Amino acid sequence: MNKLINNSENIHYAAELIKKGDIVVFPTETVYGIGANALDKVAVSKIFKIKERAKDNPLIVHISSKSMLNKLVKSYSKLEEKLMDAFWPGPFTIVLKKKQEVPYEVTAGLDTIGIRMPESKVAIELISTAGVPIAAPSANISGKPSGTRLEDIEEEFKDKQLYAIDGGCSNYGIESTVVTVKENEVIILRPGSITIEDISKICSNVKYDEKIFKKVSQIETVSSPGMKYKHYAPSIPGVLIKWEKDKDIIEKVIKEIKTKKDEKIIILASRESIETAKYNNYSNINKIFNMGSKNDLKEISRNIFHLLRKIDKEDATYYIVEGIEEKGLGISIINRIIRAVEYNVV
Ligand code: TXA
Ligand code: MG
């Protein structure tokens, strides 16, 4: 991988690569993306190849201005436009009906397309300089945690001929909220930093797709193909200790530590519990990773994917993630952790 320092000259260089059908890693405020010209099906197929991504999992298309929508979608409703105006630029993706010109390689055969206008200045400059919408999934091999720091992405794609713009650590750290509108109801297909509470301020009729929190099989019909796939998973097994009102989370974690005497354990815990819990007293504890303050969920969301990746660098056999309150951004973070531990929750 070839690292490009974030400056205007390099963004222009990357935009040229996109225009001529190459793929480029670039920062966004959510996670890093690995992008190609969304209207060039050959370029788009390179993304699927390098990520080893399932052919039926569609890509999100990134735009730098609302006028780019005309190239991609037939029309949108008043409510859809209200949502775009409220949350763009930002960590928000909306699924709309695609125009014929958008290759099915991008939408994985669907007649709909997920679109997002990022707020990251680098991403916006890259898209507007290239002058084309950029299709980009998260920059990681499919199944692994999304890339939020260039060092992590470099490790993953080290043998690949690939240019990457360095944008430092991703600000939000988890991927965008994905929604669709059906009969004036907003349905959240993937929770993110724009929460159900934020959307409720624009439209009172909003709900989660019921499959967001459940394990779905490969053959099930889902509203968003990404729901079916293994995600964010370290290579060793783990468990999420669910946060419960009036229950001491530290006690619950210790109970779990005691049942895993033969394992070498990594714990992901909040800063507050690391300060009070005596996790180090247990000989089967290998490492303790600080997720951030439980009173600052943005800090935890920025760190979570990086820590899930770090697990694989340690000599451990099992990991325990301390739960956080499932409210607001907490719901989106827990949605990622549940998938990382492959639904092993106690
Ligand atoms: O924050 C983000 O969204 C990042 C950055 C790079 O923008 N991108 C990202 O892309 O997370 P990816 O490919 O890792 O996840 C895209 C998700 C998948 O779950 C996919 O199924 C869903 O969006 N999606 C895309 N197009 C869709 C469509 N037409 N209908 C339903 N779901 C769609
Ligand atoms: Mg992804």
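Residues numbered from 1 in each chain as written. Chains lettered and ligands numbered in written order. Predicted model: local features only at pLDDT ≥ 70, side-chain atom pairs only at ≥ 80, totals over all residues. Heavy atoms only, no water.

As for the sheet that holds strand β7 (residues 134–135)
We apply this condition: Two strands qualify as a pair provided that DSSP identifies no fewer than 2 bridges between them. Note on conventions: DSSP H or I runs of at least 4 residues are helices, E runs of at least 2 residues are strands, and numbering of each starts at the N terminus. Residue contacts are counted whenever heavy atoms from the two residues lie within 4.5 Å of one another. Axis lines are fitted to C-alpha atoms, over the contacting stretch for helices. Their N-to-C directions set the angle, which ranges from 0 to 180 degrees.
Read across the sheet, eleven strands follow the order β1-β8-β2-β3-β7-β4-β6-β5-β9-β10-β11 without closing on themselves; strand pairing throughout is mixed. Looking at the sheet topology across the chains shown, the edges are occupied by β1 (2–4) and β11 (206–208). The pairing of strand β10 (residues 185–190) with β11 spans three bridges and is parallel. Along β11, the bridge assignment pairs Val186 with Val206. Where helix α2 (residues 41–51) meets the sheet, its contacts fall on β3 (33–37) and β7, and the angle it forms with β3 comes to roughly 155°.

Re the environment of Leu83
This is how the line gets drawn: Exposure categories follow from relative accessible area, calculated using a 1.4 Å probe and restricted to protein chains: below 20% of the type maximum is buried, above 50% is exposed, and the middle band is partly exposed.
Summarising the element assignment, Leu83 is placed in helix α4 (residues 78–87). Judged by relative accessible area, Leu83 falls into the buried class, the value being 0%. As a C-alpha pair, Leu83 and Thr93 span ten residues in sequence and 9.7 Å in three-dimensional space. Aside from chain neighbours lying at most four places away, what touches Leu83 is Trp88, Phe92, Ile94, Val181, Val186, Ile199 and Ile202.

Overview of the domain arrangement of the protein
Going by this rule: Each domain's extent was defined by an automatic or database domain assignment. Buried area: the sum, over both parts, of the accessible surface (1.4 Å probe) that disappears when the two are put together.
Per the domain assignment, the segments making up the protein are domain 1 (2–213) and domain 2 (238–340). On a C-alpha basis, the centroid separation for the pair domain 1 and domain 2 is 29 Å. Contact residues are listed per partner, giving 29 residues for domain 1 and 17 residues for domain 2. Together domain 1 and domain 2 conceal approximately 1900 Å² of surface at their shared face, both sides included; 50% is due to carbon and sulfur atoms. Summed over the three residues of domain 1 that lose the most area to domain 2, namely Pro145, Asp152 and Ile174, the buried surface amounts to 27% of that side.

Re the site of ligand 1
Here is the rule: For each residue, the test is whether any non-hydrogen atom lies within 4 Å of the molecule or strand; if one does, the residue is near. Polar contacts here mean pairs of N or O atoms no more than 3.5 Å apart (in protein, one a potential hydrogen donor and the other a potential acceptor; neighbouring residues in sequence count only if both atoms are side-chain atoms). Methods summary: accessible areas were calculated by the Shrake-Rupley approach with a probe of 1.4 Å, and residue burial reflects only the protein chains presented. Put simply, Ala, Val, Leu, Ile, Met, Phe, Trp, Tyr, Cys and Pro go in the nonpolar bin, Asp, Glu, Lys and Arg in the charged bin, and everything else, Gly too, in the polar bin.
Taken together, 26 residues sit near ligand 1, with Thr30, His62, Ser176, Ser224 and Gly226 positioned nearest. At a separation of 2.6 Å, an oxygen atom of ligand 1 approaches a polar side-chain atom of His62. Within the backbone of Gly226, an N or O atom sits 2.8 Å from an oxygen atom of ligand 1. Considered on its own, ligand 1 offers 680 Å² of accessible surface; in the complex 97% of this is hidden by protein. Residue assignment for the shell around ligand 1 shows that the elements contributing at least two residues are β4 (60–62) and β6 (112–116). Here the element with the most residues in the shell around ligand 1 is β6; it accounts for four residues. Classifying every residue of the shell around ligand 1 gives eleven nonpolar, eleven polar and four charged.

Let's talk about the pairing of strand β14 (residues 285–292)
Convention followed: The definition of a right-handed crossover adopted here requires that, viewed with the strands pointing away, the path from the first strand over the helix to the second runs clockwise.
The sheet contact formed by strand β13 (residues 265–270) and β14 spans six bridges and is parallel. Paired with Leu268 across the bridge in β14 is Phe289. One crossover worth recording links β13 to the parallel β14 by way of helix α10 (residues 271–276), and it is right-handed.

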